Structures are given as structure tokens and as C-alpha cells.
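One-letter residues, chain by chain:
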Amino acid sequence: QVQVVESGGGLAQPGGSLRLSCAASGSIFSVNRMGWYRQAPGKQRDFVAGFQRSTARFAENSEKGRFTISRDNAKNTLYLQMNSLKPEDTAVYYCSVTDASYREYWGQGTQVTVSS
């Protein structure tokens, strides 16, 4: 059994910052990929950023200049630092973890709302 838990979402003002965390625990012995996705109301879930093994990847037309991704391998934890937040960043942010056997696990998501 693998658990993926996101945290750190909430309400932020435009221009503000939030740091999201994603922790994977349970029967996971090796992580192949960890990534952040987001889904705005009425839209599909889109890839934001993640790690493929030790390589960081960002989506095309991504928020790379505003978002920073980091990882603590010892804790199987992924972070997403979001700066200069915009209202269009409002979405539910999901974490995906893929193990060495390419089994994928998802968290329940954390809501990020950017509004004045």
C-alpha cells in the first residue's frame, strides 16, 4: 500500500507565494518519477513540473520562472515552491508518484486559490 499526501495549499493573494509538499509513504521502495499536476475547474489535469529520477522537468509554456521544484529523496518528498502567484494558478494541485515498476499513485490533491 502506497500513500501520497499533498499539503501546503490554501488562499494566497496575487503576487504571493505558497509551498506545496508531497509525501509518499508505505510500500514504495524506489521512486522513478514524482510530479505535480494541476486541474482548474472545468479543465483537464495538466502536468506542471516533476522529477524523472534526478532530472527536473517542467511543462511547456510552464511556470518555470515562478515555480521551483525540489525533492528530498530520503523522505520521498517532493516540493513545489510557487512565487508571484496569479489568479490563473488557482487549481487543485495533485501529486503523482511512479515507482520502479511504473505503478502510478495519486494523492487527493490540495486546493490553491489565488485571489485578492
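Structure's up top.
Residues numbered from 1 in each chain as written. Predicted model: local features only at pLDDT ≥ 70, side-chain atom pairs only at ≥ 80, totals over all residues. Heavy atoms only, no water.

K.L.:
Would you mind going over the side chain of Ser-96 with me for this structure?
P.N.:
Here Ser-96 is to be found in strand β9 (residues 91–99). Polar contacts involving the side chain of Ser-96 include one to the side chain of Glu-104, which spans 2.6 Å. When residues no more than four places from it in sequence are discounted, the contact partners of Ser-96 are Arg-33, Met-34, Gly-35, Tyr-37, Glu-104, Tyr-105 and Trp-106. (Helix = DSSP H or I, 4+ residues; strand = E, 2+ residues; numbered from the N terminus. Polar contact = N/O pair within 3.5 Å; in protein donor to acceptor, adjacent residues only side chain to side chain. Contact = heavy atoms within 4.5 Å.)

K.L.:
How should the pairing of strand β11 (residues 110–114) be read in this particular structure?
P.N.:
Consecutive side chains along a regular strand alternate between the two faces of the sheet. Of the two faces of β11, the one holding Thr-110, Val-112 and Val-114 is buried and the one holding Gln-111 and Thr-113 is not buried anywhere. Where strand β2 (residues 10–12) and β11 come together, 3 bridges link them in parallel fashion. Bridge assignment links Ala-12 to a residue of β11, and that residue is Val-114. Where β9 meets β11, 3 bridges bridge the pair, whose relative direction is antiparallel. Pairing of Ala-91 across the sheet is with Val-112, part of β11. (Buried < 20%, exposed > 50% of the residue type's maximum accessible area, 1.4 Å probe, protein only. Pairing = 2+ DSSP bridges.)

K.L.:
So what exactly am I meant to see when it comes to the state of the cysteines here?
P.N.:
Linking two cysteines covalently through their sulfur atoms gives a disulfide. By the definition in use, this model includes 1 disulfide. The disulfide bridge from Cys-22 ends at Cys-95, spanning 1.9 Å between sulfur atoms. Linking Cys-22 and Cys-95, the disulfide has an S-S dihedral of approximately -75° and is accordingly described as left-handed. Of the two residues, Cys-22 sits in strand β3 (residues 18–26) while Cys-95 sits in strand β9, which places them 73 residues apart along the sequence. (Disulfide = S-S within 2.5 Å.)

K.L.:
Teacher, can you tell me more about the packing of aromatic side chains here?
P.N.:
Each aromatic ring pair is summarised here by two numbers: the centre-to-centre distance and the angle between the ring planes. Going through the model one piece at a time under the given rule, you end up with 2 aromatic pairs. Between the aromatic rings of Tyr-37 and Phe-47, the centroid separation amounts to 5.4 Å while the plane-to-plane angle is 65°, which identifies the pairing as edge-to-face. Residue Tyr-37 is found in strand β4 (residues 31–39), and its partner Phe-47 is found in strand β5 (residues 45–52); the two are separated by 10 residues along the sequence. Every member of this aromatic cluster is reached through a ring pair, and the members are Tyr-37, Phe-47 and Trp-106. Cation over ring: Arg-19 sits above Tyr-79, and NZ or CZ is 4.0 Å from the ring centre. (Phe/Tyr/Trp six-rings, centres within 6.5 Å; stacked < 30°, edge-to-face > 60°. Lys NZ or Arg CZ within 6 Å of the ring centre and 35° of its normal.)

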